[in-house]
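# Observations on the model geometry
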Amino acid sequence: MFRDLQELEGEITFDDGNFRKLILAKAHANISNYTASDLNKILMLVFGDRAKGHELYVRDNQDMSMTIIFNWIPNTDEVALILNAGLLFKPAGVELKTEFSIK
């Protein structure tokens, strides 16, 4: 399911390239071992083109939480992927945060 908690304005429609990335990333998430390294791979698969020249990574906060660091403002399609597509998994008992910082 790709629209589990969608609260954005209306429906998001992806072009073929973005939908292909979504399917591949979802397949990778399904066979992942839930590590920060695997989450980094999925982020680069989905946002790799957009992340060139920017920072995009997962930080283990050493307090049972992980933070995904973006240093750009995502567009509507990217927000839909981040929040609702079920791609950004987390291990049991670990809080997943997102941090957007503009530099």
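Before going into details, it helps to say that this report is about the structure given with it. Note on numbering: residues in each chain are counted from 1, in written sequence order. Local features in this predicted model are restricted to residues of pLDDT 70 or higher, and side-chain atom pairs are both shown and tallied only at a pLDDT of 80 or more, whereas totals for entire chains, interfaces and linings draw on every residue. With hydrogens and water stripped out, all remaining heavy atoms of the structure feed into the side-chain values.

### So, the overall build of the chain
- A run of H or I in DSSP counts as a helix once it spans at least four residues, and a run of E counts as a strand once it spans at least two, with each numbered from the N terminus. In terms of regular secondary structure, the chain is built from 3 helices and 3 strands.
- In sequence order, the chain lays out its α and β elements as α-α-β-β-α-β.
- Throughout this description, buried means an accessible area under 20% of the type-specific maximum (1.4 Å probe, protein chains only), exposed means over 50%, and partly exposed covers the range between. A burial count over the chain gives 34% of its 103 residues as buried.
- Summed over its atoms, the accessible surface of the chain is roughly 6,400 Å², and 52% of this surface lies on carbon and sulfur atoms. All accessible-area figures derive from a Shrake-Rupley calculation using a 1.4 Å probe, and residue coverage is judged against the displayed protein chains alone.

### What to know about the pairing of strand E2 (residues 65-70)
- Of all the 6 residues making up E2, 6 are buried; the element is thus mostly covered by neighbouring parts of the structure.
- By the alternation rule, side chains of E2 split into Ser65, Thr67 and Ile69 and Met66, Ile68 and Phe70, which are all buried.
- Strand pairing requires that DSSP identify at least two bridges connecting the strands. Pairing analysis gives 5 bridges linking strand E1 (residues 56-60) to E2, with the strands arranged antiparallel. Paired with Val58 across the two strands is Ile68, which belongs to E2.
- Where E2 meets strand E3 (residues 95-100), 6 bridges bridge the pair, whose relative direction is parallel. Residue pairing for E3: Ser65 is matched across the bridge by Glu95.

### Re the nonpolar core
- Leu39, Leu43, Phe47, Leu56, Ile68 and Phe70 are the most contacted members of the largest nonpolar core, which totals 19 residues.
- Those elements that provide at least two residues to this core are helix H1 (16-30), helix H2 (36-51), E1, E2 and helix H3 (76-84).
- When residues of this core are assigned to their parent elements, the largest contribution, 5 residues, is made by H2. To form a nonpolar core, buried Ala, Val, Leu, Ile, Met, Phe, Trp, Tyr and Cys residues must be joined to one another through side-chain atoms within 4.5 Å.

### Focus: the sheet that holds E1
- If you trace the 3 strands from one edge of the open sheet to the other, you get E1-E2-E3, paired in mixed fashion. The sheet is open, and its two borders are formed by E1 and E3, each paired with just one other strand. Pairwise comparison of adjacent strand axes, ignoring direction, gives a mean angle of 20° for this sheet. In this analysis, axes come from line fits to C-alpha atoms, helices being fitted only over the stretch in contact, and the angle between any two N-to-C directions falls in the range 0 to 180 degrees.

### Some details on the pattern of salt bridges
- When a carboxyl oxygen of Asp or Glu lies within 4 Å of a side-chain nitrogen of Lys or Arg, that pair is called a salt bridge. Applying the stated rule across the entire model yields 2 salt bridges.
- Here Asp38 and Lys41 are joined by a salt bridge, their closest N and O atoms 3.9 Å apart. Separated by 3 residues within a single helix, Asp38 and Lys41 lie in helix H2, roughly one turn from each other.
- Taking relative accessible area as the criterion, Lys41 reaches 49% and is therefore assigned partly exposed.
- Residue Glu99 is joined to Arg59 by a salt bridge in which the shortest nitrogen-to-oxygen separation is 3.4 Å. Linking Glu99 in strand E3 with Arg59 in strand E1, this pair joins segments that are 40 residues apart in sequence.
- Taking relative accessible area as the criterion, Glu99 reaches 32% and is therefore assigned partly exposed.

Remember, this is a structural readout, not a statement about activity or role.
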